[in-house]
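# Examining the three-dimensional arrangement
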Amino acid sequence: MPWASEETLNRIKRSFRTVDVYKSPHFARISVENTHDITNVLKHLKDVEDFRYFIDFHVIDFPKEKERFLGQYILVNPYNFERLVVKVWFKSNKLPTAKNIFAGAKWAEREAYDMFGVEFEGHEDVKRMFMWEDYKHFPLRKDFPLGGIPEQRLPSLTELIEGNTLPPSHDYELMHTYVPTIQDIEKTEKSRITKRGQLVLNWGPLHPGTHGTMWFLFDLEGEHIIQTDVILGQLHRGMEKIAENLHYFQFLPYTDRMDYLSAVCSELSYVQSVEKLANIEVPLKAKYIRTMFAELQRINSHLLWLGTGALDLGALTVFLYAFREREKIMDLIEGNAGFRLTSAFLRIGGVHYDLAKGTLEVAKHFVKDFYSKLKEYNGLLTRNRIWLKRTKDVGIITQEDVYQYGLTGPVARGSGISYDMRKIDPYAAYDLVDFDIPVGDVGDVYDRYLVRMEEMYQSAKIVEQCIEALEKMPPNEPYVNKKHPVVIPPKEDVFNDLEDMVKSFRIVVHGENIPKGEIYSSGENPRGELGFYIHSIGKSSPYRLRIRSCSFYNLSVFPKVIEKHTISDAVALLGSIDPVVGETDR
Amino acid sequence: MASSINGNGFITTTVDELLSWGRRNALWPVTIGLACCAIEMMHAAASRFDVDRLGMIFRASPRQADVLIVAGTVVNKVAPMLKLVWDQMPEPKWCISMGGCASAGGPFPTYATLQGVDRIIPVDVYIPGCPPTPQGLIYGLLELQRKIREKKVTRYEKAFEEFKKELPPEILTGAGV
Amino acid sequence: MNDIIFTGIVIAVKILVVLAVTLGLGAYLTWYERKFAGHLQARLGPTVVGPFGLLQPLADGLKLMTKAPLLPRGIDTKLYYMAIMMALVPAIMLFAVVPFGPSFKILGHEIKPIVANLNIAILYLFAMGSMAAYGTLFAGWASNSKYAFIGSLRKAALIVSYEVVLGFAALSVVLLAGSMNVFDIVDAQIKSGIWYIVYQPISFVLFLFCLLAESGRVPFDIQEAEAELVTGYNVEYGGMKFGIFPLAEWYLNVLALCAIMAVLYFGGWSGPHLFGPFSGFIWFLAKTFGLLFFVLWVHWTLPRYQAKDVVEFAWKYLLPISILNLVGTAFLIYFKG
């Protein structure tokens, strides 16, 4: 059961007089009233109450309150999988650091400093996470505009070269936010690492080997790495700030573009947080359709992991075979949603369209074919001597690392911890289908490889079961819960029925009125636990939307594990952690 | 059509033709994938929509490439690095801006996004879409090949030189970049 | 006098033929590799430029030659240019000791289709192979870039280790044949009627590994592992200066070493007389291209080793095996006569 029980909360209240507890079916929190008590509370929670699995830390800005910033920790008990939120107000923008209790808090606190400008006692010399070192503003504060502060003229070079036309050839704003120079970037780079070895290699931002624009600095002694640092922020697009300015249903396409390899899974996590907040019940057919597509996207994402992982290690052909399978899944998604990659297929309250004719036959055929292709990939790599030499006993992640850094997904399962949100807090149709969770032993790259290969097989089984269930359903089952006041009705009803048209118009133009409250809900992405914390004050856009991104925390264990390994091991380890930059940077 | 050039000798025209044939049939892109459009670029290079048929090999080093396909959102922080990559490519070079984010900022009008890569790099072909399908990317590449054929490479470089003389220097290096 | 002129003309013609064929063949090997890789990966290679994509290497070459010349900042200019020469020249000079077929008669003179019939051909082979390492080393040092530097250091370690193994492997065949002259080796195989691969399978496998290592092909292509070192030692080379490196390393080196392997282990041009007077040449070409096919197949299938594993593999496993093989062969020859 996901949230902490009444007994646990009462026990905590008895140990600490100055905390305030609250529980509802979708939320359980304790509020610490004295700021300097927070270290003791966290230590007690970790050591005595066993809430040792660190999930998230974030900040909310309330400019009208006395102390402006509110910090929130999300912790999980890994033995009975209970979750708890700990709230504490900052005192004159300062808070004692939690990085000595949970190592994963280091990156979370850096992000909080970058976005809000708060300080942490005990975490000296905190550096910015996403923006460059000399950036003057703190973006997520409520007084900072979404478009930034346009301060320089930046005309379009195409217009200058082809000639200025009046009216202009394409419509754009001339004034632009400040673009950093190479010197700013170099200053950022130099401030991150003090050289102790022979040379500092930039495993740079624009590189074919990193899975996107991540920037690693390796301090090398020969071929061995003494220390590493990771510079993120090369794809920071400001999604959390965008969410504060849009209606809930308008934010849906942005969740696609975070983890662009498995778009439907991210959408599913978001859509179901809003549904829990507004108490929307989703019809059964929509649940099965969502599950089927989420599992197909999981296969999609793992195939890309396999292709690029093998490509980085030199097996050039597996990449193309994996993409051949991906094309088939993309055809399925394109036939149903209209888009191949970032399809906004789900809606709050259901799915966008009914299943297209023939989808189930194509999916059945795909699954049958997929089992034999999985055998082929296993034959190519699993027992290959060179593959074993490259991946066995490389990058071992222990269970303590998993708890401290907040690792989830196949990275945690490879180290032996069976933390899977589909089983802990079943959503969509996961409690109606039958599947297993593969768990590894040692926690090296080879284990994570085996875990993901087995997960692909399990996902295919889930898809088969969903197809069976969908075939048995009568043909005109509803796929959107259009009776709920907050849900936009499906298009065919909007064009044919007057009341639905009026409702659709009202919601699209003025936004929904989601009730006041807060919620944290997460789903199982192929990479880990993708969580959404929504704080709503009753308006049509969220007051604060926090995206707990799995790739961000998964990547934070990289500098620790890679010490004393070689560069080639770094490539293999990064492939097995499988981060997606759209999600780490949001 | 090849002979109707303004007053060029026959020999120059044929050499131009030959060079532009060579250049447009062996376009080597740099593998700079920033975000979601990079996945569609990988799909365009995979088995179904193979761009190797057109002669394109993806080279990892910008010094060995001709075409910079900017696939994905360009963030303010990355802009100077991208400009550095562009400067490292030897002439003749072209730039394709793939997708909505690279063309004009896409759906991200925020404090951190560069609103269009054409503010720092001169773009030759814009491909709309979010992301454009691989068929769209191949169409954009074919349009670039048509541009190389029609603009007669030496003419194009001379035109660029002329325009460069008229622009103030801070525009050329990109303001602050 | 007549003799000297005739010999001079013959040598000049041989050199020209070898140069033209190898450079042309090197360019078309790129087409062959792309088509081969394409079909292995369930797609077609180049098809648009000319029928079956046959004009693709011409377009590539034309484009590479007309790129603007690049001189990055901070390079060592002399070494930068010398690296290209040091990569290309030994690769071409390897072809000087490759025999293309049996000797034949023209105008009463016997001509052997080999540019230089050295008595120490195998030793010359090792020398040229080692010199090819200089190209990579100079390129890496002169480029003033950390990636290039690491790539060239890896390649240096690789070549040093695998040259030793190559020496011992080829020496076993030389012991069997009794001479380092390539014609004598082929004649010995034709006379005894059995190809040396039957007598020396271990030596064949070792030579194959060394071929993959010397020419920098997967699973030993650590000097330009793309995910780690972008393109390794040639990261700062553009245009045709870049084009020379894969041509020399990946294609010319491999072709020459495959030809030598066909001579040492598969009997050179020996084979049944099915094609009339040219059958020797055709058999030789068939064997060389068969080995080349196998090398390409390995390249596109297997993953690559780590740098430290590659070097460890050579010194800890391959070297003892090759020495044992050599000693074993020596004993067998001594006792069997």
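As a starting point, this report considers the structure included with it.

Assigned secondary structure in chain B consists of 7 helices and 4 strands. The order of α-helices and β-strands along chain B, N terminus first, is α-β-α-β-α-β-α-β-α-α-α. With 177 residues in all, chain B has 60% of them scored as buried. Total accessible area on chain B is roughly 6,400 Å²; 61% of this is exposed by carbon and sulfur atoms.

So, on to the interface of chain B and chain A. If you look at the interface, chain B gives 55 residues, while chain A gives 64 residues. Of the roughly 5,100 Å² buried between chain B and chain A, counting both surfaces, carbon and sulfur atoms make up 67%. Among the residues chain B hides against chain A, the three largest losses belong to Lys77, Tyr111 and Arg119 of chain B. Together they make up 19% of the total. At the boundary of chain B with chain A, the tally comes to 3 salt bridges. As a salt-bridge pair, glutamate 327 of chain A and arginine 48 of chain B come within 2.8 Å of each other at their nearest N and O atoms. If you look at where chain B meets chain A, you find 19 residue pairs in polar contact (both at pLDDT 80 or more). Partitioned by chemical class, the residues of the side of chain B that touches chain A number 38 nonpolar, 11 polar and 6 charged.

This next bit is on the sheet that holds strand 17 (residues 544–548) of chain A. Residues and elements named next belong to chain A. Pairing is antiparallel across the open sheet formed by 3 strands, whose spatial order is 15-16-17. Each of the sheet's edge strands pairs with one partner strand only, and the pair in question is strand 15 (517–525) and strand 17. Adjacent strand axes in the sheet meet at a mean angle of 15 degrees, parallel and antiparallel pairs treated alike. With 5 bridges joining them, strand 16 (residues 528–536) and strand 17 adopt antiparallel strand pairing. Looking across to strand 17, one finds that histidine 535 is bridged to arginine 544. Running at roughly 155 degrees to strand 15, helix 8 (residues 263–278) makes contact with strand 15, strand 16 and strand 17 of the sheet.

Residue and element names in this part refer to chain B. Taken in spatial order, the 4 strands make up an open sheet running 1-2-3-4, and their pairing is parallel. Because the sheet does not close on itself, it has two edges, and the strands there are strand 1 (29–30) and strand 4 (125–127). The pairing of strand 2 (residues 67–71) with strand 3 (residues 94–98) spans 5 bridges and is classified as parallel. Bridge assignment links valine 67 to a residue of strand 3, and that residue is tryptophan 94. Sitting on the sheet, helix 2 (residues 36–45) is in contact with strand 2 and strand 3, with an inclination near 130 degrees to strand 2.

The subject of this paragraph is the environment of threonine 18 of chain A. Residue and element names in this part refer to chain A. Within the secondary structure, threonine 18 sits in the loop between helix 1 (6–15) and strand 1 (19–24). C-alpha separation for the pair threonine 18 and glutamate 33, spaced 15 residues apart in sequence, amounts to 5.9 Å. If we skip the residues at most four places from it in the chain, threonine 18 touches Ser31, Val32, Glu33, Asn34 and Asp37.

Moving on, we get to the interface of chain C and chain B. Contact residues are listed per partner, giving 33 residues for chain C and 28 residues for chain B. With both sides pooled, the region where chain C packs onto chain B buries about 2,500 Å², and carbon together with sulfur makes up 58% of that total. One can count 6 salt bridges joining chain C with chain B. A salt bridge links aspartate 66 of chain B to lysine 67 of chain C; the shortest N-O distance between them is 2.4 Å. The tally of links between chain C and chain B comes to 15 residue pairs in polar contact (both at pLDDT 80 or more). When contributions to the side of chain C that touches chain B are tallied by element, the ones reaching two or more residues are helix 2 (56–65) and helix 10 (239–266) of chain C. Here the element with the most residues in the side of chain C that touches chain B is helix 2 of chain C; it accounts for 7 residues.

As a further point, take empty space enclosed by the protein. Residues and elements named next belong to chain A. Enumeration according to the criterion identifies 10 cavities of 30 Å³ or more in this entry. Its boundaries defined by the atoms lining it, the largest cavity holds a volume of some 110 Å³. As for the largest cavity, its lining consists of 14 residues, of which Gly309, Leu313, Trp387, Val445 and Ala572 are closest to the centre. For the lining of the largest cavity, the secondary structure elements donating two or more residues are helix 9 (284–312), helix 12 (385–391), helix 16 (445–472) and helix 21 (567–577).

Residues and elements named next belong to chain A. Following the criterion strictly, the structure yields 59 aromatic pairs over all chains and no others. Judged by centre distance (6.3 Å) and plane angle (25 degrees), the rings of phenylalanine 216 and phenylalanine 218 are stacked. Like phenylalanine 218, phenylalanine 216 is buried. Considering the side-chain rings of tryptophan 305 and tyrosine 449, the 6.0 Å spacing of their centres and the 45 degrees angle between planes classify their relative orientation as tilted. Remark: tyrosine 449 occurs in helix 16 and tryptophan 305 occurs in helix 9; sequence separation between them is 144 residues.

With that settled, consider the pairing of strand 11 (residues 215–221) of chain A. Residue and element names in this part refer to chain A. Burial runs high along strand 11: 6 of the 7 residues are buried. Here strand 10 (residues 199–203) pairs with strand 11 via 5 bridges, running antiparallel. Its bridge partner being in strand 11, asparagine 202 is matched across the sheet by leucine 217. Judged from the 7 bridges that link them, strand 11 and strand 12 (residues 224–231) form a sheet pairing that is antiparallel. Note that in strand 12 the partner of glutamate 221 across the bridge is histidine 224. The antiparallel hairpin formed by strand 11 and strand 12 contains 2 residues in its connecting segment, where glycine 222 sits at a positive phi of about 70 degrees.

Thresholds, definitions, all that
Residues numbered from 1 in each chain as written. Chains lettered and ligands numbered in written order. Predicted model: local features only at pLDDT ≥ 70, side-chain atom pairs only at ≥ 80, totals over all residues. Heavy atoms only, no water. Helix = DSSP H or I, 4+ residues; strand = E, 2+ residues; numbered from the N terminus. Buried < 20%, exposed > 50% of the residue type's maximum accessible area, 1.4 Å probe, protein only. Areas by Shrake-Rupley, 256 points an atom, 1.4 Å probe, with all protein chains shown as cover. Contact = heavy atoms within 4.5 Å. Buried area = accessible area lost by both parts, 1.4 Å probe. Salt bridge = Lys/Arg side-chain N within 4 Å of Asp/Glu carboxyl O. Polar contact = N/O pair within 3.5 Å; in protein donor to acceptor, adjacent residues only side chain to side chain. Nonpolar A, V, L, I, M, F, W, Y, C, P; charged D, E, K, R; others polar. Pairing = 2+ DSSP bridges. Axes fitted to C-alpha atoms, helices over the stretch in contact; angles between N-to-C directions. 1 Å grid on protein atoms, 1.4 Å probe; cavity = no way out; pocket = protein on both sides within 12 Å on 5 of 7 lines; lining within 4 Å. Points joined across faces, edges and corners; volume = space filled by probe spheres on them. Phe/Tyr/Trp six-rings, centres within 6.5 Å; stacked < 30°, edge-to-face > 60°.

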